[in-house]
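Reading the structure
Chain by chain, the residues:
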Amino acid sequence: MAGEQPGILCLRFRRVAGGPPDAAGYAGLLALLGSFTPVVEAVPPDGALVDVRGALRYFGRDAKGLASVIRVRALALYGVDCAIGAARNPMLARMALRQAAPGTTFVVPAGGAAAFLADRPAAALDGVGTATARTLCGYGLDSVGRIAAAPLGTLQRITGARTGRDLWERARGIDRTAVVPNAAARSVAAERTFPRDELDRERQRRALMSLTEELGARMRGEGQVCRSLAVSVRYADRTGYSTLTRSRTLREPTAHSAELTALAYRVHDSFALQRARVRGIGLRAEGLGDAGRAAHQLTFDPVDERARRIEAVADRLRERFGPRAVMPGRLAA
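Residues numbered from 1 in each chain as written. Predicted model: local features only at pLDDT ≥ 70, side-chain atom pairs only at ≥ 80, totals over all residues. Heavy atoms only, no water.

1. What about the packing of aromatic side chains?
Inspection of every chain in the model, using the stated rule, returns three aromatic pairs. Between the aromatic rings of Phe 36 and Phe 59, the centroid separation amounts to 5.2 Å while the plane-to-plane angle is 35 degrees, which identifies the pairing as tilted. Here Phe 36 is found in the loop between helix H1 (23-34) and strand E2 (40-43), whereas its partner Phe 59 is found in helix H2 (residues 53-59), with 23 residues between them in sequence. Classification of Phe 36 as buried rests on a relative accessible area of 7%. Here Phe 59 falls in the partly exposed class, since its relative accessible area comes to 26%. Ring plane angle 45 degrees and centroid distance 5.7 Å describe the contact between Phe 106 and Phe 116, whose orientation is recorded as tilted. Pair noted here: Phe 106 is in strand E5 (residues 105-107) and Phe 116 is in helix H5 (residues 113-118), with a separation of ten residues, a long-range link. The exposure class assigned to Phe 106 is partly exposed, which follows from its relative accessible area of 27%. Looking at Phe 116, the relative accessible area reads 9%, which means it is buried. By the ring-pair criterion, three or more aromatic residues cluster together here, those being Phe 36, Tyr 58 and Phe 59. Its end group placed over the ring of Tyr 241, Arg 234 keeps NZ or CZ at 4.5 Å from the ring centre. (Phe/Tyr/Trp six-rings, centres within 6.5 Å; stacked < 30°, edge-to-face > 60°. Helix = DSSP H or I, 4+ residues; strand = E, 2+ residues; numbered from the N terminus. Buried < 20%, exposed > 50% of the residue type's maximum accessible area, 1.4 Å probe, protein only. Lys NZ or Arg CZ within 6 Å of the ring centre and 35° of its normal.)

Below you can see the structure in the form of structure tokens.
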């Protein structure tokens, strides 16, 4: 394992004119990657993960050389530049990408994972959030190298059995996930239309909460998570009705209703439509992916964990007794 050659590329696309590619350009870039390898995983809105181990021999290049060919073709065909991370597994490739400047490739060489990880802060590891990093630092485990040097039992006593093993493996560069071929992730959407133009901001927020509850339950039931939310507001103006749409990326892929609601509220507030006559609100969950493969930040927050357990029980009750069997008190009022 330690000597395995880099064969996973993690790419981030940026148009030369600035910003991520549009939907058509992104689909074209995924097709371009598909001409090198069939193992292409879309990471919308501007990224991809590809397994090129089978392509290296065919093209007679190493990972960095193949990345250069991909970059040249993306630039020539789509006016898009790439930052690319290359490593032996998806986790290391994602971490390598963070070190790559636009137009460059950062490679974690064979046998170089330990040196690459050693001096990085604990929070640089996949799934280590602020709370987990703070706890680890309290025990002197403030770098990935120190976490890697700690006994497995010690990490499990500090963070719990499962979390401790995850940390122990990740700090050693071990990643058991694989690149899963897929198309550009699809989206799910829902909307609420008011019987008349609605001025009451509280009613607007209740409609938005009902949407996040609906989409969250739908995604959890299908074993999916989303990467971003798009909120649309249809409101009356001098010409009749206009629609504003804005999207924001979640801090991590999720189907947890509380996190969806918090982000949807922030987007809604950003419209600054305090006096607007709103006729309808729509919500679209974008960048859907498999919940089982989504990275989840390790946390010690008992409130969050309790909320997720309650949510799981509520989902089972709704599945048995119908969608209105359990709902937030704010919606039941």
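2. Some thoughts on the nonpolar core
Judged by nonpolar contacts, the single largest core of 32 residues is most densely connected at Leu 92, Leu 125, Leu 136, Leu 141, Ile 147, Leu 155 and Leu 167. Mapped by element, the contributors of at least two residues to this core are strand E1 (8-15), strand E4 (80-87), helix H4 (90-99), H5, helix H6 (130-138), helix H7 (144-149), helix H8 (152-159) and helix H9 (161-171). Top contributing element to this core by residue count: H4, with six residues. With sequence-adjacent residues up to four places away left out, Leu 92 is seen in contact with Ala 87, Val 108, Ala 113, Phe 116, Leu 117 and Gly 173. Core analysis: the second largest hydrophobic core is formed by 30 residues, Val 188, Val 231, Tyr 235 and Phe 271 among them. (Core = buried A, V, L, I, M, F, W, Y, C linked by side-chain atoms within 4.5 Å. Contact = heavy atoms within 4.5 Å.)

3. Structural notes on the UniProt feature "domain: UmuC" (unreviewed entry) in the protein chain
Listed under "domain: UmuC" (unreviewed entry) in the UniProt record, and renumbered for this structure, are residues 29-129. Helix and strand shares over residues 29-129 are 45% and 20% respectively, and the end C-alpha atoms of the span are 31 Å apart. (UniProt positions renumbered as here; feature names shortened; annotations may be inferred.)

4. Quick notes on H1
In this model, H1 (twelve residues) spans 17 Å end to end at C-alpha, consistent with the 16 Å of a helix rising 1.5 Å per residue. All buried positions along H1 are accounted for by Gly 25, Tyr 26, Gly 28, Leu 29, Leu 30, Leu 32 and Leu 33. Residues of H1 that are buried in the fold lie against E1, E2, strand E3 (47-51), helix H3 (63-78) and E4. (Expected span 1.5 Å × (residues − 1).)

5. Quick look at a nonpolar patch on the surface
On the surface, Val 313, Leu 317 and Phe 321 cluster together into a nonpolar patch covering about 260 Å² of accessible area. Relative to the helices and strands, Val 313 resides in helix H12 (residues 302-321). You can call Val 313 partly exposed: its relative accessible area is 37%. (Patch = residues over 30% accessible without salt bridge, like charges linked within 9 Å, V, L, I, M, F, W, Y side chains within 5 Å. Areas by Shrake-Rupley, 256 points an atom, 1.4 Å probe, with all protein chains shown as cover. Salt bridge = Lys/Arg side-chain N within 4 Å of Asp/Glu carboxyl O.)

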